[in-house]
Amino acid sequence: MGRLLAVAIWVITIASVLMFFNKRWWFPEAITDHGPSVDRQFLITIIVCGIAFAAAQIGLGWVVWKYRDSADKARATYSHGNNRLEVVWTIVTAIVFISLAVMGQRVWAALHLNPAPAGATQIEVTAQQFAWNVRYPGPDKIFGRTDVPYIDDATNPVGLVDTDAGGKDDVVGPTLVIPVNRPVELILKSKDVTHNFWVPQLRFKQDLVPGMAIRVHFTVNKVGKYELACAELCGMNHFKMKTFMLVLPQADFDALAQMAPAQFQDKKNELLNSYQLPQY
Ligand SMILES: [Cu+2]
């Protein structure tokens, strides 16, 4: 029985490792400039963890095999362990994980801590139970003032102040439209609970927290239509919080950004229908 268990542990270990090698279930294509760095960092982490996992499971199988129930019925001996060995593997583990964290920090900082490049296209994304409200500043490139008493879920979901001139041309809708090959800065907000902005192809996830305006910036290098989901279980109808991110050629985006709200929505819907989701 002991031998069988040891072999089962080794077989499961090898099968789990092989699943990563065949890459059948893997990430969708990365479409951001920072995407390859995130993927590289992920690969380094998974190789390091994979080696530790395989070594630990092979060792476990070996112990099960060696100390299986045998005919001589010898009593087991008790060991207090080996302090030197414990100190060594604790230090080695700490060094490995701190190094991984430091290496990953560089990519993280470029995305979240550094300011967006000057001239980045700014778009505000306000999440609520259970919808996405994406606001574009309109031709004047100024976001109009918003205030809580003006919020009306049906007609004014972000609470645009109707007397403010800057908000007259603001467009609010459920779809995120951005230009290709140009830096984009998202200003992420939430009206109620914590939501999470996630387009897998962008290679980042970001919480939207009530009371905060969280900024992230990135550059997308591939035109297309992608799914945008809320990745935080935010309530009963959380599953309904999905929409699309449409990445347009720069000329198409610029033309759209100059349009009045009604025209913008019609053109955006037309463009949205003309792109297909990527197949995996
Ligand atoms: Cu949500």
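Scroll up a little and you will see the structure.
Residues numbered from 1 in each chain as written. Predicted model: local features only at pLDDT ≥ 70, side-chain atom pairs only at ≥ 80, totals over all residues. Heavy atoms only, no water.

**Q** Please explain unusual backbone geometry as it appears in this structure.
**A** What you tend to see is this: most non-glycine residues have negative phi, and most peptide bonds are trans. Of the consecutive residues glutamine 129 and phenylalanine 130, the connecting peptide bond is found in the cis state with omega at 0°. Along the chain, phenylalanine 130 turns up in the loop between β1 (121–128) and β2 (131–136). Look at lysine 141: it is not a glycine, yet its phi comes out positive at around 55°. If you trace the backbone, lysine 141 turns up in the loop between β2 and β3 (171–173). What makes lysine 141 exposed here is its relative accessible area of 68%. For asparagine 181, which is not a glycine, the phi torsion comes out positive at approximately 55°. Topologically, asparagine 181 is positioned in the loop between β4 (176–179) and β5 (183–190). (Helix = DSSP H or I, 4+ residues; strand = E, 2+ residues; numbered from the N terminus. Buried < 20%, exposed > 50% of the residue type's maximum accessible area, 1.4 Å probe, protein only.)

**Q** Would you mind showing me how to read the coordination of the copper ion here?
**A** A metal bound by six donors in octahedral fashion has ideal angles of 90 or 180 degrees, whereas one bound by four tetrahedral donors has an ideal angle of 109.5 degrees. Distances from the copper ion to its protein donors, namely His195 (ND1), Cys230 (SG), Cys234 (SG) and Met241 (SD), fall within the range 2.1 to 2.5 Å. Geometry at the copper ion is tetrahedral, judged from the four donor atoms that bind it and their angles of 88 to 124° at the metal. For the copper ion, all donor residues lie on one chain, and their spacing in sequence is H-x34-C-x3-C-x6-M. In this pair, histidine 195 is assigned in strand β6 (residues 195–199) and cysteine 230 in strand β9 (residues 224–230), connecting sequence segments 35 residues apart. A single burial state applies to histidine 195 and to cysteine 230, both of which are buried. (Donors = N, O, S within 2.8 Å, 3.2 Å for Na, K, Ca; no water. Tetrahedral: all angles 85-135°; square planar, octahedral: opposite > 155°, others 65-115°.)

**Q** So what exactly am I meant to see when it comes to the pattern of salt bridges here?
**A** Opposite charge on two side chains permits them to pair, given that their charged atoms come into close proximity. Applying the stated criterion across every chain, the model contains nine salt bridges. For the salt bridge of arginine 203 with aspartate 39, the shortest nitrogen-to-oxygen distance reads 2.6 Å. Placement of the pair is arginine 203 in the loop between β6 and β7 (204–208) and aspartate 39 in helix α2 (residues 35–66), with a sequence separation of 164 residues. For aspartate 39, a relative accessible area of 23% corresponds to the partly exposed category. In this structure, arginine 135 engages glutamate 124 in a salt bridge whose closest nitrogen and oxygen atoms are separated by 3.0 Å. Of the two residues, arginine 135 sits in strand β2 while glutamate 124 sits in strand β1, which places them eleven residues apart along the sequence. Taken individually, arginine 135 and glutamate 124 each receive the classification buried, so the pair is uniform in this respect. When salt bridges that share partners are traced, they join Glu124, Arg135, Asp170 and Lys189 into one network. (Salt bridge = Lys/Arg side-chain N within 4 Å of Asp/Glu carboxyl O.)

**Q** What am I meant to see in the sheet that holds β6 here?
**A** Within a sheet, neighbouring strands are paired by backbone hydrogen bonds and run either parallel or antiparallel to one another. In space, the five strands of this open sheet follow the order β4-β10-β9-β6-β7, with mixed pairing throughout. Each edge of the sheet is formed by a strand with only one pairing partner; in this case those strands are β4 and β7. The mean angle between the axes of side-by-side strands here comes to 25°, regardless of whether they run parallel or antiparallel. Across four bridges, the pairing between β4 and strand β10 (residues 242–248) is parallel. If you follow proline 179 over to β10, its bridge partner there is leucine 248. (Pairing = 2+ DSSP bridges. Axes fitted to C-alpha atoms, helices over the stretch in contact; angles between N-to-C directions.)

**Q** Explain the sheet that holds β3 here, please?
**A** Across the sheet, five strands lie side by side as β3-β2-β1-β5-β8; this open sheet has mixed pairing. Either end of the sheet is taken by a strand with one partner, and the two such strands are β3 and β8 (214–219). Taking the axes of each pair of neighbouring strands and ignoring which way they run, one obtains an average angle of 25° across the sheet. In this structure, β2 lies alongside β3, joined through three bridges in antiparallel fashion. The residue bridging arginine 135 from the neighbouring strand is valine 172, located in β3.

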